[in-house]
Amino acid sequence: MTNLPANMPEDSDAAFAYIGTVTAPTVDDFKLMIYLEASGQGFYQALADVAPTPEISDLLARTGREEMAHAHRLQKVIEQISGESFAVPTPEENPYFAVPEGIELTEELLGTIAEGEFGGELLYEGWAQSLDNEDAAKLLRQNGKEERIHGERAQQVVGLLTA
Ligand SMILES: [Fe+2]
Ligand SMILES: [Fe+2]
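Below or above, wherever it landed, is the structure these notes cover. (Residues numbered from 1 in each chain as written. Chains lettered and ligands numbered in written order. Predicted model: local features only at pLDDT ≥ 70, side-chain atom pairs only at ≥ 80, totals over all residues.)

1. Concerning the overall build of the protein chain
Let me state the cut-off plainly: Strands are runs of DSSP state E lasting at least 2 residues, helices are runs of H or I lasting at least 4, and numbering of each runs from the N terminus. Computation of the radius of gyration draws on C-alpha atoms, with the globule rule given as 2.2 Å multiplied by the number of residues to the power 0.38. The exposure label follows from counting other C-beta atoms within 10 Å of a residue's C-beta, where the C-beta atoms are placed from the backbone and the thresholds are 20 or more for buried and 12 or fewer for exposed, leaving partly exposed in between. Any pair of residues counts as being in contact when their C-beta atoms, constructed from backbone geometry, are within 7 Å of one another.
The secondary structure content of the protein chain amounts to 5 helices and 0 strands. Scanning the protein chain from its N terminus toward the C terminus, one meets helices and strands in the order α-α-α-α-α. Taken over the C-alpha trace, the protein chain has a radius of gyration of 16 Å; the compact-globule value for 163 residues is 15 Å, and the two agree within 12%. Burial analysis of the protein chain (163 residues in total) assigns 32% to the buried set. Contacts in the protein chain between residues at least 24 apart in sequence constitute 71% of all its contacts with a sequence separation of at least 6.

Structure (structure tokens):
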């Protein structure tokens with residue numbers, strides 16, 4: 001794990017708590033966010049695996065794939081602002097990539113997820129504003145826009161669960 005950013009928080013809760021306080025990210029902050037975004041795919045796939053219908057499962061798996069795409073977009077951001085090539089970690093290399101066992105798809109969990117996703121949009125917007133590089137800012141805003149879609153999709157799943 002030579003790729004780990006310096007001073008990485010120990011678990012994903014601590015990492016999310018920290019990253020939510022960042023208003024002007026450093027390259028290390030972007031690296032940490034790559035780890036968190038990449039871990040999102042495992043989390044959403046675990047939810048997709050316990051979904052009661054194929055439609056719900058597909059929605060959640062799609063969000064998971066998009067979290068991995070966010071990690072790849074952040075890789076481009078790092079390249080653009082620093083010239084550094086930073087590899088997106090594999091699940092094995094990623095301490096935050098824990099597939100939660102015995103997770104249940106509840107309205108409450110989906111509500112928490114939706115809030116987190118909407119917060120993600122705001123976080124990315126602030127980060128975009130903190131950068132001088134317009135191309136990099138555009139990539140961050142694309143991630144942010146998709147976080148809002150993820151939040152709306154989580155709400156859509158609530159609707160499908162209770163239909
Ligand atoms: Fe994301
Ligand atoms: Fe998301």
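Past the structure itself, the notes keep going.
2. What to know about the nonpolar core
Basically, it comes down to this: We call a set of buried Ala, Val, Leu, Ile, Met, Phe, Trp, Tyr and Cys residues a nonpolar core when their C-beta atoms link them within 7 Å.
Core analysis: the largest hydrophobic core is formed by 19 residues, its most contacted members being M33, I34, Y35, L74, V77 and L140. Looking at this core, the elements that each hand over two or more residues are α2 (27–49), α3 (54–82), α4 (107–130) and α5 (134–162). Of the residues forming this core, the biggest block, 7 residues, is contributed by α2. Excluding residues that lie within four positions of it along the chain, V77 makes contacts with F30, A136, L139 and L140. Counting residues in hydrophobic clusters, the runner-up holds 11 residues, among them L47, L60, L110 and I113.

3. Observations concerning the packing of α4 against α5
Here is the rule we go by: Note on definitions: angles span 0 to 180 degrees between N-to-C directions of axes, and those axes are lines fitted to C-alpha atoms, for helices only across the stretch in contact. Any angle from 65 to 115 degrees is called roughly perpendicular, while one under 35 is roughly parallel, one over 145 is roughly antiparallel, and all others are oblique. Here a crossing is called left-handed whenever its near helix is offset anticlockwise from the far helix by less than a right angle, and right-handed whenever the offset is clockwise. In the scheme used here, Gly and all other residues not listed as nonpolar or charged are polar, with Ala, Val, Leu, Ile, Met, Phe, Trp, Tyr, Cys and Pro taken as nonpolar and Asp, Glu, Lys and Arg as charged.
Two elements in contact, α4 and α5, have axes whose closest approach is 8 Å; the angle formed by their N-to-C orientations is 165°. On the basis of the axis angle, α4 is roughly antiparallel to α5. Regarding α4 and α5, the two cross each other, and that crossing is left-handed. Partitioned by chemical class, the residues of the contact of α4 with α5 number 13 nonpolar, 7 polar and 7 charged.

4. A word on the packing of α2 against α3
Packing of α2 against α3 brings their axes to within 7 Å, and their N-to-C directions diverge by 170°. Regarding the angle of α2 to α3, the classification is roughly antiparallel. Handedness of the crossing formed by α2 with α3: left-handed. Grouping the constituent residues of the contact of α2 with α3 by class yields 16 nonpolar, 9 polar and 4 charged.

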